[in-house]
Amino acid sequence: MSGTAPTKRLYIKTYGCQMNVYDSERMADVLSPLGYVATDSPEGADLVVLNTCHIREKATEKVYSELGKLREMKDARAAEDGAVMNIVVAGCVAQAEGEEIMRRQPAVDLVVGPQAYHQLPELIARTHRARGERLAADFAAEEKFDALPVERRPTGVTAFLTVQEGCDKFCTFCVVPYTRGGEWSRSPQTIEAEARGLAAQGVREVTLLGQNVNAYAGEGGLAALVRRLAEIPGLDRIRYTTSHPRDMDDSLIAAHAEVEALMPYLHLPVQSGSDKVLKAMNRAHTADSYLRLVEKIRAARPDIAMSGDFIVGFPGERDADFEATLQLVREVGYAAAFTFKYSRRPGTPAAAMPGQVAEAVKDERLARLNALLEDQQRAFNASQVGRTLPVLFERRGRHPGQLIGRSPYLQSVHVSAPDRLIGQIVPVRIEDAARMSLAGVLAETAELEPV
Ligand code: SAH
Ligand code: SF4
Ligand code: F3S
């Protein structure tokens, strides 16, 4: 008999933003020394982790319905062969409604907030022994990052890297300042070490993550961090998300003009084009200050692809306010966007505001906004046809002999190409464009256009 611990199966389901995607990867990392190996289905898993999102009501409901299904699975397994399937709820719902989860779904063994998952191994071990203390949602981000192993096992040629967490902005609709706590930044040294480790394992592109990533408070801010990481051999592409307009400073804009590795794509949520609504949202920018900011960014990097988040049906939003949002969208011209109907989150100031908008009105506005943004996305993609762009190939496509990669503007690009090009940045002549992707053929380096 060998002395190794028996393999246990771990299934993690991730909801919400990229911070959760990153956290899920790190949870798998911290659990691997205990013998947990990731599987892609909850069937037969020894440990199921739901890494949850609390941002909108729907996101939270999904968690409870998933938990209902898991409970049946757990009971069935216990009845069949006495096996224990542990269920853990992690992430932002865990932080926001820890005790309520335990009350509503007794099948849950453990609730662990976003700042406490480094303790998962110990907590899991404890649940095996006693079912006593099951909540662990109150720890500082600092402790978490100190406790995480530096080693990561990236699964591809691109990776997320959390550099900042939390939010001090308190937009009146949003739960994030409550679920993720205050703004906090990791040190440039630890970020660089993690990035070097990723590059050494073949990662060519990192996306720096933060709820307000451009509020990064390490020395020199996000611009200095980007410049520092751009020096790492092998790390050819850097992206970052999500940014707040009010933290988009001149040094970061200058980095877009000067740092070749910094990709020409910027997610800069505006939420609304109406100053009245923006004020009620506590966004600390106006439609005009946002437009001027975009102008400045485009002066530094004319080809930059802009992306944004929009909320329709915020309390008090009238037709004229919504028209102002459409007008702002027309003026900016977005390459990509995420749109949401306002969702009333208990405990946030906007939930108690007068003038809540009827669901049917929200639906109608959402459809109009989406139609406009989809046209813009199609137009942006179509404008790439005929160009030769550097594409980082990430994985095989659905058709035999096809690879999928990304353009500098974050578009998916489908190309007939051999597997050995995965992980390489290769010139591709773009021949076709749809709303969600581009198609092209391999080209010569000499054909690459300077941008
Ligand atoms: N910190 C980032 C992302 C926050 S969450 C930022 O400020 O941009 C991502 C998006 O979800 C937000 O930009 C917003 O558009 C949307 N969102 C947040 N709370 C919401 C709510 N209560 N209802 C509808 N959409 C919401
Ligand atoms: Fe939420 Fe606003 Fe903070 Fe973004 S900036 S996380 S929308 S409170
Ligand atoms: Fe959702 Fe939490 Fe991210 S609420 S959007 S998972 S920070």
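Thresholds applied
- Residues numbered from 1 in each chain as written.
- Chains lettered and ligands numbered in written order.
- Predicted model: local features only at pLDDT ≥ 70, side-chain atom pairs only at ≥ 80, totals over all residues.
- Heavy atoms only, no water.
- UniProt positions renumbered as here; feature names shortened; annotations may be inferred.
- Domains from an automatic or database assignment.
- Helix = DSSP H or I, 4+ residues; strand = E, 2+ residues; numbered from the N terminus.
- Near = heavy atom within 4 Å.
- Nonpolar A, V, L, I, M, F, W, Y, C, P; charged D, E, K, R; others polar.
- Polar contact = N/O pair within 3.5 Å; in protein donor to acceptor, adjacent residues only side chain to side chain.
- Areas by Shrake-Rupley, 256 points an atom, 1.4 Å probe, with all protein chains shown as cover.
- Axes fitted to C-alpha atoms, helices over the stretch in contact; angles between N-to-C directions.
- Left-handed = near helix turned anticlockwise from the far one by under 90°.
- Contact = heavy atoms within 4.5 Å.
- Buried < 20%, exposed > 50% of the residue type's maximum accessible area, 1.4 Å probe, protein only.

- The name that an unreviewed UniProt entry assigns to the protein is tRNA-2-methylthio-N(6)-dimethylallyladenosine synthase, with the source organism given as Phenylobacterium hankyongense.
- Note on the protein: under the UniProt heading Subunit (unreviewed entry), the record states "Monomer."
- In its Catalytic activity (unreviewed entry) section, the UniProt record describing the protein reads: "N(6)-dimethylallyladenosine(37) in tRNA + (sulfur carrier)-SH + AH2 + 2 S-adenosyl-L-methionine = 2-methylsulfanyl-N(6)-dimethylallyladenosine(37) in tRNA + (sulfur carrier)-H + 5'-deoxyadenosine + L-methionine + A + S-adenosyl-L-homocysteine + 2 H(+)".

**Description of the domain arrangement of the protein**
Piece 1. The domain architecture assigned to the protein consists of domain 1 (8-140), domain 2 (150-263), domain 3 (267-383) and domain 4 (388-442).
Piece 2. Put simply, the middle of domain 1 and the middle of domain 4, counted by C-alpha atoms, are 36 Å apart.

**Observations concerning unusual backbone geometry**
In most cases, non-glycine residues show a negative phi, while peptide bonds are predominantly trans.
Piece 1. Across the junction of Thr241 and Thr242, the peptide omega takes the value 0°, indicating a cis bond.
Piece 2. With respect to the helices and strands, Thr242 occurs in the loop between β11 (237-241) and α9 (250-258).
Piece 3. With phi around 50°, Phe170 is a residue other than glycine that occupies positive phi space.
Piece 4. Mapped onto the elements of the fold, Phe170 is located in the loop between β8 (164-165) and α6 (176-179).
Piece 5. The backbone of Gln271 shows a phi angle near 75°, a positive value even though the residue is not glycine.

**With respect to the site of ligand 3**
Piece 1. The environment of ligand 3 is formed by Cys17, Asn20, Thr52, Cys53, His54, Ile55, Cys92, Arg180 and Gln211.
Piece 2. Residue composition of the shell around ligand 3, by class: 4 nonpolar, 4 polar and 1 charged.

**Description of the site of ligand 1**
Piece 1. The environment of ligand 1 is made up of 15 residues, and the closest members are Phe173, Gln211, Gln271, Asp309 and Ser343.
Piece 2. In the model, a nitrogen atom of ligand 1 is placed 2.7 Å from a nitrogen or oxygen of the Gln211 main chain.
Piece 3. Computed on the free molecule, ligand 1 has an accessible area of 540 Å², of which 91% lies beneath the protein chains in the complex.
Piece 4. Residue assignment for the shell around ligand 1 shows that the elements contributing at least two residues are β13 (305-312) and β14 (336-341).
Piece 5. Counted by class, the shell around ligand 1 contains 6 nonpolar, 4 polar and 5 charged residues.
Piece 6. Here the shell around ligand 1 gathers at least three residues from each of two domains, domain 2 (150-263) and domain 3 (267-383).

**Looking at the packing of helix α7 (residues 188-200) against helix α8 (residues 221-230)**
Piece 1. At their nearest, the axes of α7 and α8 sit 10 Å apart, and the two run at 35° to each other. Classified by chirality, the crossing of α8 by α7 is right-handed. Here α7 contributes Pro188, Gln189, Ile191, Glu192 and Ala195 to the contact with α8, which in turn contributes Leu225, Arg228 and Leu229.
Piece 2. Residue composition of the contact of α7 with α8, by class: 5 nonpolar, 1 polar and 2 charged.

**A closer look at the side chain of Arg365**
Piece 1. If you trace the backbone, Arg365 turns up in helix α13 (residues 359-382).
Piece 2. A relative accessible area of 4% places Arg365 in the buried class.
Piece 3. Among the polar contacts made by the side chain of Arg365, one reaches the side chain of Asp319 at a distance of 2.9 Å.
Piece 4. Apart from residues lying up to four places away in sequence, Arg365 is in contact with Val312, Glu317, Arg318, Asp319, Phe322 and Val357.

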